[in-house]
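Architecture at a glance
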Amino acid sequence: MRRSRRSSPSNRSQQSAQNSDSSDKGRASNRQSAESRPTRKRASKPKVRTECERLGLMCEGYAPPKTKTLALRPERLLLPKPKLSSLATVSSAATATSSRSEDYRPPIPPTPSFGFELNEEDKWYFTLFRDQICHELSPYYRSSFWSRTSLRDCMVNRCVHHSILSIGAYARALMDLRAEYPTCGRAPRTWWPPWVLNRHHQAALMHHAKALSHLRSNIELYGIDGRLTMAATLLFIVFENMQGNYHSSGNLIRSGIKVLTNIRNRGNDSRSILRRQWHRYLTGPQDEVDEMANMFARYSVMFAYLPFAHGKLAYHILFTEDENDDAEYEVANPFTFTIPQTLDQAKLIWDYLSVQLANFQSKAAWHNLNPEYDFDEAAASREQAMYLALLNNLGMGLDSLLFSSMDSRESRGLELLRLHHSIAVVSISCCLDATEMMYDEFLPQFEDVVQRCRLFDFETTETPAKVGFSNEAGRLPLLAFVGAKCRTARVRSAAVQLMRCCEWREGSWDSASLAHVVNGLMKLEGQLEPEPGAVGTDVGVDMDMGVGVGVGAVLPKERYTWSNMFWDFEKRHMHVEYTKVLPNALGDFEKVSYLIGV
């Protein structure tokens, strides 16, 4: 063994190097000696010997293996290790689920799945969202997005993760608000006042800022992931609605619809996004993107169609843009559907039909206040008849579902859907009447809606409300519509009273603001006398609850309609615009603006 080691090429190279050191002199020999020392030093360590050393060559090193790219190290170090076993389990299950459902999901950026470190407060926020908030966000209909999709995505995506924590933290602040500050004047407060300090409120703002930052980073690094962007936008809408920031919520709805359009806008299909979604509903199963599309449709209608129709912020129009400009296209190609057999089918039909109803009523409301522009009244009448026929068919289906077997939650959802259907029949029937006198013929329907809304409160729910916020349109816009269009003082006063008894928000609307707006209409039309001590000016009016006076119908020349609003989020002021339904002698429509502090 020793003989073979001496005769090895490595030893012969070392002997030649020693002879060279003893015979050569000068700078060249010193330089060669210095260069040879590292080689001898490395050769003395068998664990790091290389092929270059065996051949007597200077080793300059090898390229790092491809599996150990240095660019991934900082990214890997920034990700915390999961400490909660339950969260890690859900994360692995979510990864397996996402891999099985790539048939409808867009390509996901190559980011690793990971868990999160949660402090005690964050654990509380997450648990509150999982066990309570996800049920309150959609209290009348079961939503897989809130109960499954969002919870799964929050385990693998930082943006969704911090969004859920921001909603949980703000909900915790609202629970403190309901306990410590139950009322503000004579109306319950449903948003957090900026002058009251609360650590949960500050944590909500911090998590929301982190969620926005992570979404921007993902877009800069990987581009726009349509499905992830839509999911994050829905969570952002909830957070802004909880704060009462109407305009930010509306801008997010518009952005989400644009992202949805980009996802579905493939090929040379000239149909609108709404008709494409309707075709997908008729021809195949629904996926996560379809459910999010339905949610954006509901939010767009809730934001700008109920409780009043107007052109500003009418984001539901985005669902039908790029449609054929032919005026007869809608009548020639209407939405056709069979009688719904289940509540889920009825809800999907209503989601698509309500967008069409919103477009039609917004167009009619704009024409009533701008009669100088051309308007095809004959085509509008045919379109009105088409929608009334569709509403009649849907109404028969909803009535037949009353005899189906349902649990308490489904029963409440069906009743709420029937209430919205009743209001839609009234609004479509009367929207082309510029004088709004036709609404007087529907007094029995208005009384029935108010009475059913009153009974709706006494029904039990599976999950009692703790936060006081729902992101779906419930009873508040229905009661506000009754107060705005019914000119019978006792019915109006009953609707306002029911709104004032509500201690929650529904999407972008809260009970106190809507009650103030209806009071303003009643005051302008002479059906409300302010209580002693109420103050009114030309700039702003204190819309406190007054006393209903007058029992007869309001004359056409004295009627006003709610035509616009602007919400000052920083000052918590609502600027409301009312317009007389009939023009004056000069052909101008009188407008009255109120500043309402809530």
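Throughout what follows, the structure given in this document is the object of discussion. Quick caveat, the model's predicted, so the values are computed rather than measured. (Residues numbered from 1 in each chain as written. Predicted model: local features only at pLDDT ≥ 70, side-chain atom pairs only at ≥ 80, totals over all residues. Heavy atoms only, no water.)

The number of helices and strands found in the chain is 22 helices and eight strands. Across the 598 residues that make up the chain, the buried fraction comes to 50%. Across the chain, every contact between residues at least 6 apart in sequence was considered, and the portion connecting residues at least 24 apart equals 73%. (Helix = DSSP H or I, 4+ residues; strand = E, 2+ residues; numbered from the N terminus. Buried < 20%, exposed > 50% of the residue type's maximum accessible area, 1.4 Å probe, protein only. Contact = heavy atoms within 4.5 Å.)

Take the pairing of strand β6 (residues 560-568) next. Burial within β6 is extensive, with seven of its nine residues counted as buried. In terms of strand pairing, β6 meets strand β7 (residues 573-580) through eight bridges, oriented antiparallel. Within the sheet, the bridge partner assigned to Trp-562 lies in β7 and is Tyr-578. The hairpin formed by β6 and β7 contains four residues between the paired strands, and Arg-572 there has a positive phi angle of roughly 55°. (Pairing = 2+ DSSP bridges.)

Once that is clear, we can look at the sheet that holds strand β1 (residues 469-470). Taken together, three strands build an open sheet; the order of strands is β1-β2-β3 and the sheet is mixed. Here the strands that pair on one side only, and so sit at the sheet edges, are β1 and β3 (509-510). With two bridges connecting them, strand β2 (residues 505-506) and β3 associate as antiparallel partners. Bridged to Arg-505 within β3 is Asp-510.

Taken as a whole and assessed by the stated rule, the structure comprises 28 salt bridges. Residues Glu-436 and Arg-487 are paired through a salt bridge, measuring 2.9 Å at the closest nitrogen-oxygen approach. Within this pair, whereas Glu-436 is found in the loop between α18 (408-430) and α19 (443-456), its partner Arg-487 is found in the loop between α20 (476-485) and α21 (489-501), the two being separated by 51 residues in sequence. Residue Glu-436 shares its accessibility class with Arg-487, and that shared class is buried. One network of salt bridges, with partners in common, ties together Asp-399, Glu-415, Arg-418, Asp-448 and Arg-452. (Salt bridge = Lys/Arg side-chain N within 4 Å of Asp/Glu carboxyl O.)

Core analysis: the largest hydrophobic core is formed by 79 residues, its most contacted members being Phe-446, Val-482 and Met-499. Element by element, the count of residues in this core is highest for helix α16 (residues 343-369), at twelve residues. Residues in contact with Met-499, not counting those within four places in the same chain, are Leu-476, Leu-479, Ala-480, Ser-511, Leu-514, Ala-515 and Val-518. Counting 54 residues, the second largest nonpolar core, distinct from the first, contains Ile-167, Ala-204, Ile-257 and Met-292. (Core = buried A, V, L, I, M, F, W, Y, C linked by side-chain atoms within 4.5 Å.)

This part is about the packing of aromatic side chains. Per the counting criterion, the structure on display carries seven aromatic pairs. When the centroid spacing of 5.8 Å and the interplanar angle of 75° are considered together, the rings of Tyr-170 and Phe-239 count as edge-to-face. Of the two residues, Tyr-170 sits in helix α9 (residues 158-180) while Phe-239 sits in helix α11 (residues 226-243), which places them 69 residues apart along the sequence. Among the residues examined, Tyr-170 registers a relative accessible area of 1% and is labelled buried. Given a relative accessible area of 1%, Phe-239 falls into the buried group. (Phe/Tyr/Trp six-rings, centres within 6.5 Å; stacked < 30°, edge-to-face > 60°.)

These figures capture arrangement, not role.
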